Every structure is written in structure tokens, then in C-alpha cells.
Amino acid sequence: ESGDPQRTALLLRKAWTLYSVTPLYRFCRGRLRDYARLLSAFIAAERQKGLAVEVGVELDIKVALSSLPELQGSEQDQPAVLVQLSSRSRASPKNSEDKILWSGCFCCVYGDDLSENMPEDFTCLPLFLANGAESYMSVVGNWFQKTFDCIFRRLAISPFNLSWMVAMWAGCKVDKAASAVELVFSVPRLPQPLDISYAIHPEDARALWDTIQKTPGEITQEEVDIFMDCLYSHFHRHFKIRLSATKLVKVSTAIASAHCDGIVKMLHSQYLSGVLMLLTELAISQIQ
Amino acid sequence: HIATSLPLPSERDHLRPRIDLIVFVIDIKSKCSLKNVEASLAYVDGSFFLGKVCFLVTGVGRVNCCSVEINAISKLGEAYSSPVLFCELELEGVRVATAQRLLRMLQICAGLVSGFSALSFNLLMRNSADD
């Protein structure tokens, strides 16, 4: 948990789209500046071709790659790599601040399962977070895939995994007034799409979890099932609707929120590492 | 015959033909369907579990819509000594193949295949699953 909180703060309160990334071949951490230059040239070339261009905007795009050693779980983990695309409009004065157009972060938090038997030339950074326009993601993704022989794939989150997340996060202690625990369900097979939003007072959710969890620090599948069953039967008692027959599509807590399309927002710095560890695990299971 | 849950309504007991095979369908996208099956199992006579019951898991084509843990279903199969089949009903080819499989199982369970009983088939399925 040590390290500059400022740096990891840039991960908070942003909607990140998740990808899994296969290990990078011959990625050299000492060459980050070189990579930034090469990526910059690649982006410029793509823009000449008419790709990755925001209509009507004249921009110089600057690329910066940096290491984020704060985002690491175990000793085996590779420190995270941050990629930022920023711009300075040609029209504005020289001393104005760069605007960040797009951010991407490769990370690995407790990814020992993957990195254990990895040969020397490969760098394991299985989780990728992207924030910004899809067109930039496309260009940056292409460059990394070509340069390091890796594959990016969108990481979706199943209802099964979302229920783990909401059970785990609802049980976390938060000091200041926490936001409600919210679950959004999508009802299948209806002529008009219907979403059901179920909001629970965070204190009630935590109290429920506390009665269920037997060993602090340990969570079992059974405990998660009991937690969800309690929520479902409470809802059924009041509204006569069986939520267990619908699809859980989004969960929100004070710690983080997650959507089944693989979009996550992390809200609490203290639990950042925990959330990333869970996402790393999902990314690794998609790769393997 | 298709039912949404067990027990079957008793009014029709005298009209009902002999039941040779019970297929419990579990939709992997719905936790409710698993709960329903678990509750219905209690109404099945013990003798059926000697080869006349099987579990059919549908919706396996979409891993990302999974609301039920596959492990839990496998454990259910083990607990009731019955085979677990996986399929994706939305794909025609798989649908047809699954139907053919079930039909074949039904023929065996109804005693229509000479030299092969429901129990021997069940043991065969179990041994190959353990490999």
C-alpha cells in the first residue's frame, strides 16, 4: 500500500474498459522512452491515413509511457505500465497544460498463476485498462500487438463473477458515508427491454454480509450464494419477482462498480489493489 | 412430457404412462432454474437414480452470461449418480445432436436395446466421465 497515492489516484473515478493481454514478447522496461517515440510515430502515420482522427481538431499528440511500481501485488508481479496520449492544441498558447486524450494501463496484481512458468523473454501484464476514445485504443492496441506479439481481448464479466464482486465489496468497511449498494438486472425475453435496479442501504448490506461471513479475510462460494439468495428472497417477498431468473448486469458499491460489458470504475484508494487483484484473476482465466 | 417443476399434478396419475427417463434442464444463465431443479429432485423416487435421470445444462455457448457455477452442477451430478450433459440450444446442430443423444438414452432406459439396461448404461457413462 506504500507509494505515491497521487499516481495511483489517476485510476480512481474513471470508467475503465477492461481487456486481457497475452504476455508481451521482448518488452524492455528500460526502453519506455523509445517505445513512446515509436508509438507516437505510428499514431502520426495512422492519422495521415485518416484513422484515429477527431473531426475538426488540429492536435499534436504526445505519447508518454511510464512505470507505476505502486500497482503490484507480489514480488513476482511486473510493475504496471501507464500509456498516456495527451494533446496541446496548436492554436493555444505555449504554456497551457496538456490535455490527456486517452489513458491505458497494463497491470498485474498477484498474477502468479500466469507468471510462474513464463520463459524469460515474456513480460506478464495480463490486465489492461483503457479510458478514452475507442479510436485511440484501436491504434495503440494495434501497435502493441504488432510490436510485442501479444493479443488484446475485451474482458466481459459474467453475472456469476459480478455477484462475487458485490458480495466482497459490500462487506468492506468504508469510513465516510458510503453510497448505496446497487444491483442492476436485465430481464430476458421481453418485447421491450426491462432493467430492474435494486438499491440497498450500505449499512444493511454490510450487516447482512457480517452475519454470513465466517472467517474474516476469506470468502467462500457458499457465502456468496447465501448473500445473493438473501437479497433475492427479500426482493421476491416484496415484489413477487424472481431476480434469480434474470441477468445481473451491473453492480455498484462504495468501493467500485462493474458492468458485465467489462467496464469498471474504482472509487476507493484503499481497496484499489484488491479490485485490481480480482480483475487480474479474471484476465488470466480468459487468457488460459 | 414437459413440466416446469415436480411433483407432477396427482390428478393425472392414472392416465400417465410409465416414466422411463427424467431429464432435468438447467439454464446456466438462470440461478432460479438450478434452484428449481434442486427442489424438484426431492420428489423423485430413489429407483430413478439407477440410470433413469440425467441433467441437461443449456446456454453453455455464452461463458459471459453464466450465473451458475459449473462446478456446482457437476457436484449435483455426482451426488445423484447421474450424467450431466452440456448443450447450447440456440445452435441448431447442437440441438439436433443433443436430441438424438437423449432419444438414444431413452431407448436404453425403456429397455428397447437388448443386452443393455439403464443401470449398465449409467455405470458406463460414469466410468468414462471419471477418466
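Per an unreviewed UniProt entry, chain B carries the name Centromere protein M and comes from Mionectes macconnelli.

The name recorded for chain A in an unreviewed UniProt entry is Centromere protein L, from Mionectes macconnelli.

Let's shift gears to the confidence of the model for chain B. All names here are of chain B. Per-residue confidence for chain B gives a mean pLDDT of 87; residues scoring 70 or more make up 96%. No element of chain B has a lower mean pLDDT than helix α4 (residues 118–130), at 77, and none a higher one than strand β1 (residues 22–27), at 94. Here the complex is predicted with pTM 0.84, and the ipTM for its interfaces comes to 0.71.

A word on the packing of helix α5 (residues 159–170) of chain A against helix α7 (residues 221–239) of chain A. Residues and elements named next belong to chain A. Interhelical geometry of α5 versus α7 gives an angle of 85 degrees and a closest axis separation of 10 Å. The angle between the axes of α5 and α7 places the two elements in the roughly perpendicular class. Two secondary-structure elements touch here, α5 through Phe 160, Ser 163, Trp 164, Val 166, Ala 167 and Ala 170 and α7 through Gln 221, Val 224, Phe 227 and Met 228. Class assignment of the residues belonging to the contact of α5 with α7 gives a composition of 8 nonpolar, 2 polar and no charged.

By definition, a disulfide is the covalent link that joins the sulfur atoms of two cysteine residues. Tallied over the entire structure, the rule returns 0 disulfides over all chains. We note that Cys 108 of chain A lacks a disulfide partner, and the nearest cysteine sulfur, in Cys 124 of chain A, lies 6.4 Å from it. The buried category is assigned to Cys 108 of chain A, whose relative accessible area is 1%. With no disulfide partner, Cys 109 of chain B has as its closest neighbouring cysteine sulfur the one in Cys 54 of chain B, 8.3 Å distant. Cys 109 of chain B sits in the buried class, given a relative accessible area of 5%.

A few words on the interface of chain B and chain A. Between chain B and chain A, the contact holds 12 residues from the first and 13 residues from the second. In this assembly, chain B packs against chain A so that about 1000 Å² is buried in total across both faces, 53% of it on carbon and sulfur atoms. The largest share of the area that chain B buries against chain A comes from Lys 31, Cys 32 and Asn 64 of chain B, three residues that together contribute 46% of it. For Lys 35 of chain B, the salt bridge identified is with Asp 229 of chain A, shortest N-O distance 3.3 Å. Residues belonging to the side of chain B that touches chain A are distributed by class as follows: 5 nonpolar, 3 polar and 4 charged.

A few words on the pairing of strand β5 (residues 99–107) of chain A. Residues and elements named next belong to chain A. Where burial is concerned, most of β5 is hidden: 7 out of the 9 residues are buried. Across 6 bridges, β5 lies against strand β7 (residues 127–132) in antiparallel orientation. Looking at the pairing, Trp 102 lines up with Gly 132 of β7.

Looking now at the sheet that holds strand β2 (residues 53–58) of chain B. Residues and elements named next belong to chain B. Strand order in this open sheet of 3 strands is β1-β2-β3, and the pairing throughout is parallel. Two strands in the sheet have a free side with no partner beyond their single neighbour: β1 and β3 (84–86). For this sheet, the mean angle separating the axes of adjacent strands, direction not counted, is 25 degrees. Sheet analysis places β2 next to β3, joined by 3 bridges and oriented parallel. Opposite Phe 55, over in β3, you have Val 84 as the bridge partner.

Criteria and cut-off values
Residues numbered from 1 in each chain as written. Chains lettered and ligands numbered in written order. Predicted model: local features only at pLDDT ≥ 70, side-chain atom pairs only at ≥ 80, totals over all residues. Heavy atoms only, no water. pLDDT = per-residue confidence, 0-100. Helix = DSSP H or I, 4+ residues; strand = E, 2+ residues; numbered from the N terminus. Axes fitted to C-alpha atoms, helices over the stretch in contact; angles between N-to-C directions. Parallel < 35°, antiparallel > 145°, perpendicular 65-115°, else oblique. Contact = heavy atoms within 4.5 Å. Nonpolar A, V, L, I, M, F, W, Y, C, P; charged D, E, K, R; others polar. Disulfide = S-S within 2.5 Å. Buried < 20%, exposed > 50% of the residue type's maximum accessible area, 1.4 Å probe, protein only. Buried area = accessible area lost by both parts, 1.4 Å probe. Salt bridge = Lys/Arg side-chain N within 4 Å of Asp/Glu carboxyl O. Pairing = 2+ DSSP bridges.

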